[in-house]
Amino acid sequence: MEKSDTLRKTRCSQSFSEGEYAMQFGHFDDARREYVVTTPRTPLPWINYLGSESFFTLLSNTAGGYSFYRDARLRRLTRYRYNNAPLDSEGFHIYVKDGESVWNPGWQPVQAELDEYVCRHGLGYTVIEGKKGGVRAQQELFVPFGDNCLLMRVRVRNDSKEEKRISIFPYVEFCLWDAMDDASNFQRNYSTGEVEIDGAAIYHKTEYRERRDHYAVFWANRAPDGFDTAREAFLGVYGSPARPEAVFGQGCTGSIAHGWQPVAAQQFDLTLAPGASETILFGLGYIENPREEKWEAPNVINKARARAMMARYAADAQFDDALAALSAHWDELLGHYQASTGDEKLDRMVNIWNQYQCMVTFNMSRSASYFESGMGRGMGFRDSCQDLLGFVHIIPERARERILDIAATQFPDGSAYHQYQPLTKKGNLDVGSGFNDDPLWLIAGVDAYLRETGDFAILDERVPFDNDETLSQTLLEHLRRSFRFTSKHLGPHGLPLIGRADWNDCLNLNCFSEQSGESFQTTGPSEGPVAESVFIAGMFVKYGRAWTDILRHVGLVDEARMAERAIASVERATLTAGWDGAWFRRAYDASGNVVGGCECEEGQIFIEPQGMCVMAGIGKDTGEAEKALASVKERLDTKYGIVLLQPAYTRYRLELGEITSYPPGYKENAGIFCHNNPWIVCAEASLGHGARAFEVYCRTAPAYIEDISEIHRTEPYVYSQMIAGCDAPTFGEGKNSWLTGTAAWTFVSVSQAILGVTPTLDGLKLDPCVPASAKGFTVTRLYRGATYHITVDNSAGVEHGVKSVTADGKTLSGNVLPPAAPGAAVDVRVVMG
Ligand code: BGC
Ligand code: NOJ
């Protein structure tokens, strides 16, 4: 396939004129699946996530960040000061002292100018390397698969012609476990800190004497020449990570922390001949002991498990093996969907970064990023259900587990806690419940799981309501209650009631908050008999149909018919009360006034209902769908993506709530909310508009906007939740990178809607929708245990339509491939036309 014939030849890849911005701070290395950052002065810290099971570390390109076990709020191992100045100065830094010169390989926090710098963010690992004055220092960090620790290998090499006597100091600051309490309850915390030293290991055991049965350990694989465990001894009372007194002065002091701020700092004095190098292995581990095994002597913690952990990573070969296992793990995960399109940007998004981000959102939901403090939100009900859409093909077994966890936080009437804590898996009422889109997202998640796996047995699993075992019912019953909740909560126009809010948390039509500091979502009556959501109507039609498909599959035909009647009536309401003439309205407020209609002074058109209603197929045969998408293009399109609404709200409106609290162009008030751009991609593809679908896809896809990194500012390898819209003074600037439903939805949009490989209840459906200039591509897809090698031939140069599908040479009657036997390899050829 010729490059010029590929998907890259569309308008959007030319939408920034060549060289207009071209400001990059690194580049992709696709062969190694890395983003290579070539300057530490990135517009914002560019981070990576290490860990994919229980132990996690956020790590920036200058070695800032923090670690936690399972729950970023309740089990924080190291401290991080959000919104600090200087930015990002707590983390996993090492200091190199070479005579009078003190520097860090990652530049921060000393910020001494480096002769060379590079940071490679890879899949689950990061390597940072700096060189100064003839010394090269590298730190390699990752969380090994199957263990609760962060490993760090530090290598230093003398590249100069003279012998060097240098010292290396690693430094981490412990958090006293509960991050919220740690950042606020100083009158207690300054007296509770405790550590123990044992050879090359520093144990952090605050609160272990009482109710905790876990501690942290920082270790090196060889004896240090000094250590400190009291922050004020290492940094100085008025010192800072940028100028630790111990490093700039006489070295570590051997301090033992009693209260205040326990830290782990060590000193290694090295003499390096020209060309010689040294390697030291470090680790930061989390250990839990059974209560009866907490102590090895009075007040001496039982270190057996920690010693065993240290022994697992005491030698380079062990470190290398664990790293190789991690890499094999990622090979396997990403191997479930691999495309070759001839467009390297598209391939790197689909094959590497988009799927990687989906795995991160699976692990983190919206809890811990450089924008989410880990203290606020746990796992969102709606968020986690949507995240499923992006990772279900990668780790179906864990998707199953996740579904059962989420469903257990549903209330018996079908509504749900909006959030739950990952550690306890219990719902929390921080923002209450009554977000009336939540129940339907459960159907979306389960539907995606069933289409992927065909595992209908999950529907028979008994799952509690409200985490109460005595209220257990089958998962099928949970879905039934989801559907019923919406069908029983309709408003005056026959559209679903919005409740506290729907997908757009900031459209608060039943909460009337006039006092600053009040929650926009939980102040006021919250529920209301009048305010209705056209967006939920679209969801009800889309996921209601998914529900009826499931019902028919399990033989509940009468129930399916009944449900179809309820869906048809909401669909009618959407096309009447929900239709504005050229687009779908957004809602009716608590007084029955239209939101998102041409009579509105501001906020006349919103993106969400256009995406959702068209994806649901509403108005497809009668023309409304085409009109709605044309309106999106005409009114909401910008060169950096589609904004959420227009015109932006310019003043606070009590009847609409938080959405109008944002200055124009930011967040839900007319920002480019990346999450719903892929809805438009899917919607366009459902109407067969391949060129437009791909154009919308490219506008926000990180690899396509790498050249505008200076404007975009957030990481060029992952999606951000929001890009400032055209009404904002900082148009094009991204915020809230990493933890966003955008990851899952863009993967759905590109892998299913554009490349057209869509799991259904009956098998894999093949229905690509591409620019006519894309003459073909291939996809390898692992599905229900079989591997499909799919070749799409678009020499006809169409945007959609499938002329024939053959599987192992046999022509299919339609375009759905029935599942092959597990283990089989199937050659599939799709001819468009
Ligand atoms: C944000 C929303 C978010 C909500 C979560 C709001 O302030 O604008 O994007 O969903 O908080 O609680
Ligand atoms: C981010 C939240 O996590 C998500 O649940 C919500 O749908 C969007 N913001 C829009 O408000």
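Predicted model only: the values in this text are computed from it and were never measured. (Residues numbered from 1 in each chain as written. Chains lettered and ligands numbered in written order. Predicted model: local features only at pLDDT ≥ 70, side-chain atom pairs only at ≥ 80, totals over all residues. Heavy atoms only, no water.)

### Considering the overall build of the chain
When you go through the chain residue by residue, the secondary structure sums to 19 helices and 45 strands. For 833 residues, the compact-globule estimate of 2.2 N^0.38 gives 28 Å, and the chain sits close to it at 28 Å. Overall size of the chain, expressed as C-alpha extent along the three principal axes, is 80 × 60 × 55 Å. By sequence separation, contacts in the chain at least 24 residues apart represent 68% of the contacts at least 6 residues apart. Counting 82 positive and 108 negative side-chain charges, the chain places the averaged centre of each group 1 Å from the other. (Helix = DSSP H or I, 4+ residues; strand = E, 2+ residues; numbered from the N terminus. Rg over C-alpha atoms; globule rule 2.2 N^0.38 Å. Contact = heavy atoms within 4.5 Å. Lys, Arg positive; Asp, Glu negative; His and termini not counted. Charge placed at Lys NZ, Arg CZ, Asp CG, Glu CD.)

### A short note on the confidence of the model for the chain
When pLDDT is averaged along the chain, the result is 95, and 97% of the positions lie at 70 or above. Here residues 1-20 is a poorly scored stretch, pLDDT under 50, and it has 45 contacts once near neighbours within four places are set aside; other chains count. (pLDDT = per-residue confidence, 0-100.)

### Some points on the packing of helix α7 (residues 344-364) against helix α8 (residues 381-391)
Close contact between α7 and α8 brings their axes to 9 Å; oriented N to C, the two are set at 145°. The chirality of how α7 crosses α8 is left-handed. Counted together, C358, M359, T361 and F362 of α7 and D387, G390 and F391 of α8 form the full contact between these two elements. Of the residues that constitute the contact of α7 with α8, the class distribution is 4 nonpolar, 2 polar and 1 charged. (Axes fitted to C-alpha atoms, helices over the stretch in contact; angles between N-to-C directions. Left-handed = near helix turned anticlockwise from the far one by under 90°. Nonpolar A, V, L, I, M, F, W, Y, C, P; charged D, E, K, R; others polar.)

### Some words on the site of ligand 2
If you check the shell around ligand 2, you find R366, R377, R382, D383, W503, N504, D505, E668, F673 and Q721 and nothing else. Here R382 contributes a side-chain N or O atom positioned 2.8 Å from an oxygen atom of ligand 2. Between an oxygen atom of ligand 2 and a main-chain N or O atom of D505, the distance comes to 3.2 Å. Taken atom by atom, the bulk of ligand 2 overlaps the second largest pocket. (Near = heavy atom within 4 Å. Polar contact = N/O pair within 3.5 Å; in protein donor to acceptor, adjacent residues only side chain to side chain. 1 Å grid on protein atoms, 1.4 Å probe; cavity = no way out; pocket = protein on both sides within 12 Å on 5 of 7 lines; lining within 4 Å. Sits in = over half its atoms within 2 Å of the grid points.)

### Details of the pairing of strand β27 (residues 468-474)
Sheet analysis places strand β26 (residues 462-465) next to β27, joined by 3 bridges and oriented antiparallel. In the strand pairing of β27, F465 is matched with D468. If you look at the hairpin formed by β26 and β27, you'll find 2 residues sitting between the two strands, and D466 has a positive phi there, around 50°. (Pairing = 2+ DSSP bridges.)

### Observations regarding the pattern of salt bridges
As enumerated under the stated definition, the model contains 66 salt bridges in all. E602 is the partner of R653 in a salt bridge, and the nearest nitrogen-oxygen pair spans 2.8 Å. Of this pair, R653 sits in the loop between β34 (645-646) and β35 (672-673) while E602 sits in the loop between β30 (594-595) and β31 (605-606), placing them 51 residues apart in sequence. The same class applies to R653 and to E602, which are both buried. Between R829 and D793 there is a salt bridge, and its shortest N-O distance comes to 3.0 Å. Here R829 is found in strand β45 (residues 825-832), whereas its partner D793 is found in strand β41 (residues 786-793), with 36 residues between them in sequence. (Salt bridge = Lys/Arg side-chain N within 4 Å of Asp/Glu carboxyl O. Buried < 20%, exposed > 50% of the residue type's maximum accessible area, 1.4 Å probe, protein only.)

### What about the sheet that holds strand β29 (residues 587-588)?
The strand order across the open sheet formed by 3 strands is β28-β29-β30, and the pairing between neighbours is antiparallel. The open sheet has two free edges, formed respectively by β28 (532-533) and β30, since each of these has just one partner strand. Of the strand pairs in this sheet, β29 and β30 are connected by 2 bridges, and their pairing is antiparallel. Bridge pairing links A587 to V595 in β30.

### Details of the site of ligand 1
In the vicinity of ligand 1, the contacting residues are R377, D505, C506, E658, Y662, K667, E668, F673 and Q721. At a separation of 2.7 Å, an oxygen atom of ligand 1 approaches a polar side-chain atom of Y662. Q721 has a polar side-chain atom sitting 3.4 Å from an oxygen atom of ligand 1. Here ligand 1, which alone exposes 310 Å², has 79% of that area covered by the protein. Classifying every residue of the shell around ligand 1 gives 3 nonpolar, 1 polar and 5 charged. (Areas by Shrake-Rupley, 256 points an atom, 1.4 Å probe, with all protein chains shown as cover.)

### Observations concerning the pairing of strand β14 (residues 195-198)
As paired elements, β14 and strand β15 (residues 201-204) share 4 bridges and run antiparallel to each other. Bridging across to β15, I197 finds its partner in I202. Counting the residues that bridge the hairpin from β14 to β15 gives 2 residues, and of these G199 lies at a positive phi of roughly 60°.

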